[in-house]
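What the coordinates show
Here are the chains, one letter per residue:
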Amino acid sequence: MVAREKLNLLKDRFGTAIQRADLPAEDRLFVFIDRASVREVCRHVFRQLDARYIISIGADDRPHSGHFLVAHNFAFDRDHLLASFLTQLPADDPKLDSITADVPAANWAEREFRDLVGIEPVGHAYPKRLVLPDGWPEGMHPLRKDVPWNHVPEGFDPDREFKFDEPPEGCTVVPFGPFHPTLDEPAHFRLYLEGEMVRGCEYRGFMVHRGIEKLAESVLTYNDIPMAAERICGICGCVHNVAYAQAVESAAALEIPPRAAYIRTIMLELERLHSHLLWVGLACHIVGFDTLFMQAFRIREPVMWIAEKISGNRKTYALCVIGGVRWDITPELKTELRQVLDKLETEWTAVVAAVSKDRNIQRRTRGVGVADARLVKEAGLVGPVARAAGVPGDARRDHPYAAYDRLDFDVITADGADVWSRVVVRMKEVFESIRIMRQCLDRMEPGPLALDIQDELPVGRMGMSSVEAPRGESHHFIITGENNRPRRWRVRAPTYQNLQGVPAMIKDQQLADMTISLGSIDPCFSCTDRMETVDIRSGAQRIWSQEELLRLVRRR
Amino acid sequence: MEVLILILRSFANVVVVLALAPLFEGLLRKVTARIQSRQGPPLLQPYYDLLKLLGKEDIESGESPWMQRFAVHLALATVLTVACLIPLGAPVPLAGAGDIILLVYLLTLAGICTLLAGLAAGSTFSLIGISREMITMIALEPLFAITLIIGAVNTGTFRLETVLDGSVYAGGGVPWSGLLMLAVMLLSFQAFVQRVPFDIAEAETEIMEGPLIEYSGPKLAVFKYAQMVRLVIYSSLFVALFIPWGSHLVFPIGWLLFWAKVLVLVLLVTLVAATHARYRIDQALRYYGGLVGVSFVALVLAGFGY
């Protein structure tokens, strides 16, 4: 048993620093470690045991255990193991050593729990505010349990502006965002330019916080949350929907019926198809090749129609409940889905042939936005970005869920580590998705769609789930709770990690390559910004003040 | 009386160009749409767009509003002046008023107007846009000038109506220099009319239309109009220089033939624009550099009478 092996390795090395452990399944490991050795253990796990960093989670567990809780999640991809290293912090001293010096990928996650839960990562290299709006008062942490979900804090200062860092000597500052035609969502990159060369940048995001996690922890119930979860993202919503349901199922040790597993797989792959087709189109649009952009969207349309026929919606399929799915794939839909796949395969083959031969596109994408295997490890990059750098990470194979362990498919990799390799990986993955869906359609047996759950879900259990979204691994962490809702639910979308790799990817290349480099991770800001309650406009030219806007909104 | 006719003929050229430019633009959009499996906007959409923009509020949003207004109007005025100096299916109206040197200067001025417009707007993105535009101009302007000079060398005159009449082929024997320039101009034509893959200075997805970023309403309409006219003017120049045959036929036939040739050229531009991705400025510059090199070879050949 791999989880046991890893635990023994750690116990041998750290002895009493390992307080207790929970091995609920072969592929899950929860270890409670002593606060003083957090940094040491994480370094060992990240460097010596070569685990991949996923995310750090802060939680307010005071009402139940009297402690704050921090979890550092790591994945042992080759061993098919997800591990969480938890530390309890006393209520009156919520501090622990920052692990960013050893695990640079933890940069944002630590700043996030500093902002939202008020746990101080001591020794963080760049402890700037990340998630909370600029005018938010200090010492007010919205994810703490004593803060109601609809609380409007005293002392909110709508006029306070974000303090950007000083640009390096001899560089001009070019604002990329908050609104830019290629982004479609607000995010602000402050680029430092020397001529046309990008020398660095500062990122300010989290402008579309919707407080989904807080809402789930205080208002919604277990079976409401899947519907909220899929609204985290407009492109890969089903991924969050499934990942959440699986996290709860893993915490409560529920096994879903096989037919439900196949249907989840089909819908996830359907979503990957539409997302990859959309992305190839957008990438072409970014480099000015609008014809292929339009053709990709034309080819994608039948995928949306069949999704609508199955679920009633082009997007937001409302697929999962805890323990199963809500929609069946009838024999008629099966036939139609097969036809859609056949047509798509033919048309996509033509597109791939056209793109592969186009020297023009390759000239714009080869050697651009390089993220090599080293950066993948350091920044915890996932998905096509990692696979294009030759790192064969794919949650579908590494941490199998739904029906993936029963299917035959390849993990596509490339070795260019540039935008072109990401194009190639995504184009080929479309064919793998088609292959997966055909196998599901062949093997699906009639049977129940969902478990009949009579009892309340157990309280205080932890669950983790990784789902391979089109952009990379989406990771959900859950602690079950009272009142038919989770105590803590943390979502880590793939863009959360991939975006942290962007500054390194765009450094020392032309401004013209910035958009396609950023585009190549398929950034999803709404996924990344999924939290918190107040949206604020900040910037030099203020036309509406925060208060005026609020008044405007409330008058409706 | 003669002066009156001259004025009327110049006026006719201006009107024809102003009337046809949006139509060509509309055609370009429609054909692009069909290539992209889209329905596309109505053929007359550019006319509606211009009317709509002209009817909007004139917002002053740049650094120097006065300069901005001046720059866009100068841009349109310049290309319309050029329209009076080139044959549009009929003899050159203002043939006596200038020579090819003036033409070269006016074409450069049209480019400078873009720089001025971007500079007056003063936004970061427009400044990046004009720096790209400037690089493009420096690389490209010699090409047209060399073509005209080759024509002048071949015919021994700077007169507009002589040079703008297939003069590049007027050397003795096989017109090597002319054919070389034909190839060079065909390969660089997208850049002259600022279309993909050489719309680098505007690049919507990178620098948000560059020099145009601060323009809206009537100013944008004038600027856009100037760009549409630019497409027609450059296409006409190309036709006059490189495919002159048939332009001297009796009035409706020669005239129609001329515009048919322009139309074919516009369709070619559309096709190339719809099947290419945008180049980066350094890649484009290397490409232009090669063309400039070839055009100097052509100039030397012309000097030796080829």
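Since the structure is predicted, the reported quantities are computational estimates derived from the model, not experimental observations. (Residues numbered from 1 in each chain as written. Chains lettered and ligands numbered in written order. Predicted model: local features only at pLDDT ≥ 70, side-chain atom pairs only at ≥ 80, totals over all residues.)

**Examining the overall build of chain B**
Helix and strand counts for chain B stand at 11 helices and zero strands. Sequence-ordered secondary structure for chain B, helices as α and strands as β, is α-α-α-α-α-α-α-α-α-α-α. Taking all 306 residues of chain B together, the buried fraction comes to 47%. A separation threshold of at least 6 residues defines the contact pool for chain B, and within that pool the share at least 24 residues apart is 78%. (Helix = DSSP H or I, 4+ residues; strand = E, 2+ residues; numbered from the N terminus. Buried ≥ 20, exposed ≤ 12 C-beta atoms within 10 Å, placed from the backbone. Contact = placed C-beta atoms within 7 Å.)

**Digging into the domain arrangement of chain A**
By a widely used convention, the size of an interface equals the accessible area lost when the partners come together. Residues and elements named next belong to chain A. As assigned here, chain A comprises domain 1 (1-130) and domain 2 (212-528). Taken together, the 22 residues of domain 1 in the interface contact 21 residues of domain 2. Secondary-structure elements contributing two or more residues to the side of domain 1 that touches domain 2 are β2 (28-33), β3 (52-61), β4 (67-76), β5 (81-90) and α4 (107-116). In terms of residue count, the dominant contributor to the side of domain 1 that touches domain 2 is β3 (six residues). Of the residues assigned to the side of domain 1 that touches domain 2, the class counts are 13 nonpolar, five polar and four charged. (Domains from an automatic or database assignment. Nonpolar A, V, L, I, M, F, W, Y, C, P; charged D, E, K, R; others polar.)

**Remarks on the nonpolar core**
Buried together is how nonpolar side chains tend to be arranged in soluble globular proteins. Grouped together as the largest cluster of nonpolar side chains are 254 residues, with contacts concentrated most on A75 and V229 of chain B. No other element matches the 17 residues that helix α9 (residues 217-242) of chain B contributes to this core. Each of two domains, domain 1 (1-130) and domain 2 (212-528) of chain A, supplies a minimum of three residues to this core. Contact partners of V229 of chain B, with chain neighbours within four places excluded, come to V17, A21, L76, V79 and L80 of chain B. (Core = buried A, V, L, I, M, F, W, Y, C linked by C-beta atoms within 7 Å.)

**Observations regarding unusual backbone geometry**
Positive phi is not limited to glycine here, since D50 of chain A has a value of about 55°. With respect to the helices and strands, the residue D50 of chain A is situated in the loop between α2 (38-48) and β3. Taking the C-beta count within 10 Å as the criterion, D50 of chain A has 12 such neighbours and is therefore assigned exposed. Although it is not a glycine, S37 of chain B sits at a positive phi angle of roughly 60°. Structurally, the position occupied by S37 of chain B is in the loop between α1 (2-35) and α2 (45-54). Judged by the 12 C-beta atoms lying within 10 Å of it, S37 of chain B falls in the exposed class.

**Description of the sheet that holds strand β14 (residues 472-479) of chain A**
Residue and element names in this part refer to chain A. Taken in spatial order, the three strands make up an open sheet running β13-β14-β15, and their pairing is antiparallel. Each edge of the open sheet carries a strand with a single partner, namely β13 (462-469) and β15 (488-492). The average undirected angle you get between the axes of adjacent strands in this sheet is 10°. Across the sheet, helix α7 (residues 237-252) lies against β13, β14 and β15, angled at about 150° from β13, the strand it touches most. The sheet strands contacting helix α16 (residues 494-506) are β13, β14 and β15, and the helix crosses β14 at an angle near 125°. (Pairing = 2+ DSSP bridges. Axes fitted to C-alpha atoms, helices over the stretch in contact; angles between N-to-C directions.)

**As for the interface of chain B and chain A**
Taken residue by residue, the interface counts 22 residues in chain B and 26 residues in chain A. Counting only elements with at least two residues in the side of chain B that touches chain A, the list comes to α5 (124-155), α8 (204-207) and α11 (281-303) of chain B. In terms of residue class, the side of chain B that touches chain A is built from eight nonpolar, seven polar and seven charged.

**With respect to the sheet that holds strand β1 (residues 18-25) of chain A**
All names here are of chain A. Taken together, five strands build an open sheet; the order of strands is β1-β2-β5-β4-β3 and the sheet is mixed. Of all strands in the sheet, those with a lone pairing partner are β1 and β3, marking the two edges. Here the average twist between neighbouring strands, direction ignored, is 20°. Helix-sheet contacts for α4 involve β3 and β4, and the interaxial angle to β3 is about 10°.

**Here we look at the packing of α1 of chain B against α9 of chain B**
Residue and element names in this part refer to chain B. Put simply, α1 and α9 touch, their axes get as near as 8 Å, and they point 95° apart. In this view, α1 runs roughly perpendicular relative to α9, as classed from their interaxial angle. Here V17, L20, A21, P22, F24 and E25 of α1 lie close against α9, whose contacting residues are M228, V229, L231 and V232. Broken down by class, the residue content of the contact of α1 with α9 amounts to nine nonpolar, no polar and one charged. (Parallel < 35°, antiparallel > 145°, perpendicular 65-115°, else oblique.)

**Structural notes on the confidence of the model for chain A**
Residues and elements named next belong to chain A. The share of residues in chain A with pLDDT of 70 or more is 94%, and the mean pLDDT across the chain is 85. When pLDDT is averaged over each helix and strand of chain A, the minimum, 62, is found for helix α19 (residues 546-555) and the maximum, 92, for β4. Counted against residues more than four places away or in other chains, residues 531-542, with its pLDDT under 50, gives 29 contacts. (pLDDT = per-residue confidence, 0-100.)

**Describing α5 of chain B**
All names here are of chain B. The first and last C-alpha atoms of α5 sit 47 Å apart over 32 residues, in line with the 46 Å expected at 1.5 Å per residue. Considering bend angle alone, the principal kink of α5 is centred on I138 and spans about 30°; proline P142 follows within four residues of it. Just beyond α5, the residue with positive phi is G156, at close to 70°. (Expected span 1.5 Å × (residues − 1). Bend = angle between axes of the 7 residues up to and from the residue.)

**Some details on the confidence of the model for chain B**
All names here are of chain B. Put simply, chain B has an average pLDDT of 83, and 97% of its residues get 70 or more. Within chain B, α8 has the poorest average pLDDT of any element, 67, and α2 the best, 92. Model confidence for the complex is summarised by a pTM of 0.82, with the ipTM given as 0.74.

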